[in-house]
Amino acid sequence: MRAAELTAVGEITVAERSRPSLDPDEVLVEVGACGVCMTDYHMYHGTFEVETPMVPGHESAGTVVEVGESVRAYEPGDRVAINPTVPCTACTHCKRGDTHLCEHNTSIGGAFAEYVRVPPTNVEPIGDLPVRHAALAEPLACAVHGVSKADCDPGDSVALIGAGPVGLLLLQTFRLVGAAPIVVSEPDPDRRALAAELGADVVVDPDAEAPVDHIRDAAGGPVDVAVEAIGLVPTLEQANAVTAPGGTTLVFGVPDQDATLEITPFDVFFDEISYQGSYSLTTADFEQAVTLLKHGRIDVTPLITDEIDLEGLPDAFDRMGNADGLKNIVIPE
């Protein structure tokens, strides 16, 4: 089979690899589509270190073409989305349903290839959903998880800082739980326009005026939930500054591991501000994400701006570095 190998920092080689052989409790999926995410980008640029050569890619969907002898739930021809997080199911976190915090989590990568082998517990039937849409189940599941951690009630106001692909999924998911108003802060005019199309009540340009004042004015004051979906300290500070007493600041974007944020403990005490992280997704989040996509509750069509083959990955990473477009989808064939 053909696969896109990361052979060194900044080097992708499309090479022939052996088609994966199955253990009795695995299924083999022919990859129909795989999203390119920022984790792949950081692997490519060396800011997230991995052993090479390796095949990246984890936002995928396709068709089951072979099943292990002990697999009963699936058969060849089934169309599925792949959840890349494999929990142990036995630790305390797994027993509580917090599979994303599993002490022994492993991840399924390797989907920038024609085939990938997967435990049957990590696939979800997609019915007639296009695979290019189903490939976005994983980032949507992360958004579902984030909204659940924000504990947002109908009528709660939300400020969303950052309207990249995941920010736009967060926007739509917050709308589903009844958040209002939703203010989106995003410097890119095309992304602001798309945020408005997808349901933002107000979009603001943080470069046009003081972003904190702009967001507060647009929302009619501080908000119940402020979400940072970029991963930078200055925008985390903005989210903190617009969170109302009794509200929640959601750290959704991935910050640098050594980044620090200064807060005033008395303000946390007196205003009862909650700081909530949102990491990855649970098994339940993934199932919910697939359900939302199958029933058309989330619109991912405008998020997919480029479809590429395996050879197109370097150009896709260049576009991502320039914030050009939104979601790149690899079609291995």
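Residues numbered from 1 in each chain as written. Predicted model: local features only at pLDDT ≥ 70, side-chain atom pairs only at ≥ 80, totals over all residues. Heavy atoms only, no water.

1. Some points on the sheet that holds strand S13 (residues 223–228)
With parallel pairing, six strands are arranged side by side in an open sheet as S12-S11-S10-S13-S14-S15. A strand with exactly one partner marks an edge of an open sheet, and here the two such strands are strand S12 (202–204) and strand S15 (274–277). Pairwise comparison of adjacent strand axes, ignoring direction, gives a mean angle of 20° for this sheet. For strand S10 (residues 158–161) and strand S11 (residues 182–185), the ladder comprises four bridges, and the chain directions are parallel. In the sheet register, Val158 faces S11, and the bridge partner there is Ile182. (Pairing = 2+ DSSP bridges. Helix = DSSP H or I, 4+ residues; strand = E, 2+ residues; numbered from the N terminus. Axes fitted to C-alpha atoms, helices over the stretch in contact; angles between N-to-C directions.)

2. Describing the environment of Ala241
Of note, Ala241 is situated in helix H8 (residues 233–242). Exposure remark for Ala241: the relative accessible area of 28% places this residue in the partly exposed category. The residues contacting Ala241, other than those within four sequence positions of it, are Val212 and Arg216. (Buried < 20%, exposed > 50% of the residue type's maximum accessible area, 1.4 Å probe, protein only. Contact = heavy atoms within 4.5 Å.)

3. Structural notes on the environment of Gly155
Turning to its location among the elements, Gly155 is positioned in the loop between helix H4 (137–150) and S10. With 102 residues separating them along the chain, Gly155 and Gln257 place their C-alpha atoms 34 Å apart. Sequence-distant contacts of Gly155, that is, excluding residues within four places in its chain, are made with Gly178, Ala179, Ala180 and Asp224.

4. Here we look at the packing of aromatic side chains
Applying the stated criterion to the full structure yields four aromatic pairs. Residues Tyr44 and Phe317 carry aromatic rings whose centres are separated by 4.5 Å and whose planes lie at 25° to one another, so their mutual orientation is stacked. With Tyr44 in helix H1 (residues 38–45) and Phe317 in helix H11 (residues 313–321), the pair connects residues that are 273 residues apart, well separated along the chain. The class of Tyr44 is buried, set by a relative accessible area of 10%. Its relative accessible area of 2% is what places Phe317 among the buried residues. Taken together through their ring pairs, the aromatic side chains of Tyr41, Tyr44 and Phe317 make up a single cluster. Sitting above the plane of the Tyr115 ring, Arg19 keeps its charged end 4.6 Å from the centroid. (Phe/Tyr/Trp six-rings, centres within 6.5 Å; stacked < 30°, edge-to-face > 60°. Lys NZ or Arg CZ within 6 Å of the ring centre and 35° of its normal.)

5. As for the layout of surface pockets
There is about 180 Å³ of room inside the second largest pocket. Forming the walls of the second largest pocket are 13 residues, and the residues nearest its centre are Asn240, Asp267, Asp271, Ile273 and Tyr275. Going through the elements one at a time, H8, strand S14 (243–251) and helix H9 (265–271) are the ones with two or more residues in the lining of the second largest pocket. Here the lining of the second largest pocket takes three residues from H9, the largest share from any one element. Looking at the lining of the second largest pocket residue by residue, the class counts come to six nonpolar, three polar and four charged. (1 Å grid on protein atoms, 1.4 Å probe; cavity = no way out; pocket = protein on both sides within 12 Å on 5 of 7 lines; lining within 4 Å. Points joined across faces, edges and corners; volume = space filled by probe spheres on them. Nonpolar A, V, L, I, M, F, W, Y, C, P; charged D, E, K, R; others polar.)

6. Some thoughts on the pairing of strand S3 (residues 27–36)
Extensive coverage of S3 is indicated by the burial of eight of its 10 residues. Two elements, S3 and strand S4 (residues 59–67), share eight bridges in a ladder whose sense is antiparallel. When the bridges of S4 are listed, Leu28 appears paired with Glu66.

7. As for H4
With 14 residues, H4 should cover 20 Å at 1.5 Å per step; its first-to-last C-alpha distance of 20 Å lies within 8% of that length. Buried within H4 are the following residues: Ala137, Glu138, Pro139, Leu140, Ala141, Cys142, Ala143, Val144, His145, Gly146, Val147 and Ala150. Just downstream of H4, Asp151 is the residue with a positive phi angle, here 55°. (Expected span 1.5 Å × (residues − 1).)

8. What about the environment of Pro222?
By the secondary structure assignment, Pro222 is in the loop between helix H7 (211–219) and S13. Taking the relative accessible area as the measure of exposure, Pro222 reaches 35% and is therefore partly exposed. Leaving out residues up to four positions away in the same chain, Pro222 has contacts with Ser157, Arg216, Val242, Thr243 and Ala244.

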